[in-house]
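So the chains spell out like this:
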Amino acid sequence: MEAAGRGGRRQVKKMNTSGSPAECPVCMTGYDGTVQRPRTLPCGHTVCTLCIDQLKVQGRVACPECRVSHAVPEGGQFPVSYAVEALIRMMRDAEVAAAAEASPPPSAGEGKGAAAAAGKKEAAGLSKKMRSFLQEQEATLVAAITACREAQSQLDQYQTTLAGWRERQQQLEDRLLGLVDQSRSARELLQQEESRAAAKEEELKKGEQGMQAVLETLRTLTTEQEAGAVVTEMFRCTGEAEQAVEECREGFPDASTVTTARKVNEASSAALEAVQAALETLATEEPRPQADPDSTVLDRLHLIWTGSLTAEDLRSLTQPVRRLLEAGRVFAVHQAEGQRRHARISLEAGQLCLHALKDLPPPRCAATLQVSEVVPPSPPCTVFLDLSWPGSAPRRVQIRLSPDTPWGRQFILLCTGQRGPSYVNTRLLGVVKKGEAGEYVKGGDYESNDGKGSCVLLPGLGEGEYRKSGRAGDVCGVVWTDPTRGECGRFGINTRDRQDGGGSPRVFGEVVDGLHVVAEAAQHRDIKEVTVADCGVVL
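**Section: the environment of H342**
No. 1: Assignment of secondary structure puts H342 in strand β8 (residues 339–348).
No. 2: In this structure, the C-alpha to C-alpha distance between H342 and V371, residues 29 residues apart in sequence, is 8.7 Å.
No. 3: Not counting the four nearest positions on each side in its chain, H342 is found in contact with F331, A332, V333, A356, L357, K358, L360, P361 and P362.

**Things to note about helix α10 (residues 319–326)**
No. 1: Taken together, the buried positions of α10 are P320, V321, R322, L324 and L325.
No. 2: Where α10 ends, the next residue or the one after it, G328, has phi of about 70 degrees, a positive value.

**A look at the packing of aromatic side chains**
Both the distance between ring centres and the angle between the ring planes are used here to describe each pair of aromatic rings.
No. 1: In this structure the tally under the stated criterion is 6 aromatic pairs.
No. 2: Where F411 meets Y423, the ring centres are 5.2 Å apart and the plane angle is 55 degrees; that geometry is what we call tilted. Taken as a pair, F411 in helix α12 (residues 406–416) and Y423 in the loop between α12 and β13 (428–432) lie far apart in primary sequence, 12 residues in all. In terms of burial, F411 and Y423 fall into one category: buried.
No. 3: Each residue in the set W407, F411, Y423, Y466, F491 and F508 is aromatic and connected to the rest through ring pairs, giving one cluster.
No. 4: When the ring centre of F252 is taken as reference, the NZ or CZ atom of R196 above it lies at 4.2 Å.
No. 5: Sitting above the plane of the W480 ring, R490 keeps its charged end 4.9 Å from the centroid.

**Structural notes on the nonpolar core**
No. 1: In terms of nonpolar packing, the biggest core is built from 57 residues, with L385, I399 and F411 touching the most fellow members.
No. 2: Examining the composition of this core, we find that 6 residues originate from one element, α12, more than from any other.
No. 3: In contact with I399, other than residues within four places in its own chain, are C381, T382, V383, L385, F411, V475, I493, E510, V511 and V512.
No. 4: By size, the runner-up hydrophobic cluster in this structure holds 13 residues, among which are Y31, F78, V84 and I88.

**Some words on helix α5 (residues 128–219)**
No. 1: The end-to-end C-alpha separation of α5 is 134 Å, in line with the 136 Å expected for 92 residues at 1.5 Å each.
No. 2: All of the buried residues in α5 are S153, Q154, Q157, T160, T161, G164, L179, A186, E193, K200 and V214.

**A look at the pattern of salt bridges**
No. 1: Per the counting criterion, the structure on display carries 19 salt bridges.
No. 2: One salt bridge in this structure joins R525 and E529, with 3.6 Å as the shortest N-O distance.
No. 3: On the basis of relative accessible area, R525 is assigned to the exposed category, the value being 66%.
No. 4: You can call E529 partly exposed: its relative accessible area is 27%.

**Considering unusual backbone geometry**
No. 1: Residues F252 and P253 are joined by a peptide bond in cis, for which omega reads -10 degrees.
No. 2: In this fold, P253 is placed in the loop between α6 (224–251) and α7 (255–284).
No. 3: With an omega dihedral of 10 degrees, the bond running from P379 to P380 counts as a cis peptide bond.
No. 4: Inspection of the secondary structure assignment puts P380 in the loop between α11 (371–374) and β11 (381–389).
No. 5: Its identity as a non-glycine residue notwithstanding, K433 has a phi of 60 degrees, on the positive side.
No. 6: Structurally, K433 is set in the loop between β13 and β14 (440–443).
No. 7: A positive phi is found at C455, a non-glycine position, where the angle reads about 60 degrees.
No. 8: One can find C455 in the loop between β14 and β15 (467–469).

**Overview of the sheet that holds strand β4 (residues 60–62)**
No. 1: One open sheet accounts for 3 strands, arranged β3-β4-β5; its pairing is antiparallel. With one partner strand each, in any of the chains shown, β3 (56–57) and β5 (69–71) form the two edges of the open sheet.
No. 2: Looking at chain direction, β3 and β4 are connected through 2 bridges and run antiparallel. Along β4, the bridge assignment pairs V57 with R60.

**Observations regarding the environment of Q499**
No. 1: Summarising the element assignment, Q499 is placed in the loop between β17 (491–494) and β18 (504–513).
No. 2: Using a relative accessible area of 66% as the deciding quantity, one classes Q499 as exposed.
No. 3: Between the C-alpha atom of Q499 and that of G438, which follows or precedes it by 61 residues, the distance is 7.2 Å.

Definitions and cut-offs
- Residues numbered from 1 in each chain as written.
- Predicted model: local features only at pLDDT ≥ 70, side-chain atom pairs only at ≥ 80, totals over all residues.
- Heavy atoms only, no water.
- Helix = DSSP H or I, 4+ residues; strand = E, 2+ residues; numbered from the N terminus.
- Contact = heavy atoms within 4.5 Å.
- Buried < 20%, exposed > 50% of the residue type's maximum accessible area, 1.4 Å probe, protein only.
- Phe/Tyr/Trp six-rings, centres within 6.5 Å; stacked < 30°, edge-to-face > 60°.
- Lys NZ or Arg CZ within 6 Å of the ring centre and 35° of its normal.
- Core = buried A, V, L, I, M, F, W, Y, C linked by side-chain atoms within 4.5 Å.
- Expected span 1.5 Å × (residues − 1).
- Salt bridge = Lys/Arg side-chain N within 4 Å of Asp/Glu carboxyl O.
- Pairing = 2+ DSSP bridges.

Set out below in structure tokens:
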């Protein structure tokens, strides 16, 4: 028995190493229905609840299988994998049935054997057609059970989403109540100031009346003794009046009260206008298209959650927003000179990417926000170029633009297309010092695409504060060899270090990922076959 026990333990250890679907791949412990329930990450891998809690770092979880980082849902937990739980139950039932068939308990005796024989006899008495019918019914039941479990999983995720929305709504309500409290305090301050001004006005009025009486007395004097008394009273009244006027000039208006009231008034008015605009939009909004009756709960949620997003919604990556991104239905809108264009926003390797603007309209039920909400007007930021040439699929080059320079601002505009033109479909124009130290490629002619365009979108490109460098990966501005031709707005990317210590004096960025792609492009037989298939900004 002891030897058998040791052998059994060795067998379990081997199963854990090979990765049993009934066990967590992190702690190698079997799943249960309480504290170690199997939970599915967005990448598709399954980990137990306890291990996920231990893997949480700043609201994110890195999958122990594929290392992809996922944001923790608003409810705090990833959805339960009901499919894995069903598989575990089936495995356990099969094990119990196999054990019972291999060694029936002694207490069963002949009665158990007789019952089994009777069952076989009864089954043998069923017709082939009836057995086929019963098998079909069994399959129907299994399918219905699976559908119920999937619906439970969908509802679990839906409740998690609702809980997150409810929390955000509560935060918004708290902010609105705070605004009401500020408005009430500002109103009380104004009432106090109004009372203070009314009291001072009453004081000045009484002083004026007193001086008016002294003036009338002064005009009817008959003796010097009366004149002395009146003059003394006059000095007292004028002194009090002068003091009251001076206090009025110095004490009114109260700068603090007026400033507070103005700021609260502006904030309240803006909030009220936003609410009224939202209500008017709701009142005039056309009915949304109905979902397919066979769609899931989250599919319907996906369809309903359309319209305008905010940058906060996008960066929070809630489950509905993630589903919209995965379906390719998140777009940024840019309108200039009466033209409305759209840029797709994608989620790639955990990064939000805004692609170049296009004239094509977004698909139905797309969620939108403004380009200005997510794209910075000036560096520093990260942009990308997807390079492609015959025999090579598009591959990404990410460029980190240095702090604000005119060349950097122009590069952002041409990666997004906010001014009209973009780098999409432009060619690389040439390789300088090919195969030697200091090798670099040139590109960026969005005007003529042959190296003859000036490509100046913003004036004064050379007026910024640039650094000088000859390192591989540096991105620099290219100028005409003939200084009489004016400014040139093309760019160059160094693919090899310079050995002489020199370099371009107009460096405005550096390649942070994909320098090998540029180096391979430089070795292509014809550099002009290398094109920018796509470009944009990493958000």
